[in-house]
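Descriptive structure summary
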Amino acid sequence: QVQLVESGGGLVQAGGSLRLSCAASGRTFNVKTISWFRQVPGKEHEFVAAIRWNGDTTHYTVSVKGRFTISRDSAKSTLYLQMNSLKTEDTAVYYCAAALSLYSQPDRDYQYDYWGQGTQVTVSS
């Protein structure tokens, strides 16, 4: 089992920045890919960004490229999402998710085995 706990969400004005964190614990040595998804009410999970747990390969959805940066601190077993130039359309609950497999395109929620409880990000105009 892998446990994921997100933090760092909040209310920010458009154009501002936030940094989300996801603390991983448990059998993290099995994790291959770790990612951020987001969800708004009534919609499915939307992929945001992914990174290999033991490498530097990253993936981003088009709408956040150049604004968001995913990173992880392996020593601390922590995943980060630095979000800059935030827009109102970035408002969502942000989830950390861990997969036990590697994927060439790790952008589908069914690829992930463990999920955190989510943290709310609200961007005001």
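This structure is a prediction, so every number in the text was calculated from the model and none was measured. All residue numbers refer to position in the chain's written sequence, counted from 1. Side-chain atom pairs in this predicted model are given and counted only at pLDDT of 80 or more, local residue features only at pLDDT of at least 70, and totals for whole chains, interfaces and linings cover all residues. Only heavy atoms go into the side-chain values, all of them from the structure, while hydrogens and water stay out.

Looking at the environment of Ser7
Secondary structure elements are taken from DSSP: a helix is a run of H or I of four residues or more, a strand is a run of E of two residues or more, and numbering for both begins at the N terminus. Along the polypeptide, Ser7 turns up in strand E1 (residues 2-7). In this scheme, a residue with accessible area under 20% of its type's maximum is buried, one over 50% is exposed, and one in between is partly exposed, where area comes from a 1.4 Å probe on protein chains only. Looking at Ser7, the relative accessible area reads 38%, which means it is partly exposed. When sequence neighbours within four positions are dropped, the list of residues in contact with Ser7 reads Arg19, Leu20, Ser21 and Thr119. Contacts are assigned to residue pairs with any non-hydrogen atoms lying within 4.5 Å of each other.

Considering the pattern of salt bridges
Side chains bearing opposite charge may pair, as long as their charged atoms lie close to each other. Criterion for a salt bridge: a side-chain nitrogen of Lys or Arg within 4 Å of a carboxyl oxygen of Asp or Glu. This structure, assessed with the given rule, holds five salt bridges. Note that Asp56 and Arg72 form a salt bridge whose closest N and O atoms lie 3.6 Å from each other. In this pair, Asp56 sits in the loop between strand E5 (46-52) and strand E6 (58-60) while Arg72 sits in strand E7 (residues 68-73), placing the two residues 16 residues apart along the sequence. Among the residues examined, Asp56 registers a relative accessible area of 65% and is labelled exposed. For Arg72, a relative accessible area of 19% gives the class buried. Across the pair Arg108 and Asp107 runs a salt bridge whose closest N-O atoms are separated by 3.5 Å. Note on Arg108: relative accessible area 44%, which makes it partly exposed. Given the relative accessible area of 26%, Asp107 is considered partly exposed. Members of the salt-bridge network, linked through shared partners, are Arg38, Glu46, Arg67 and Asp90.

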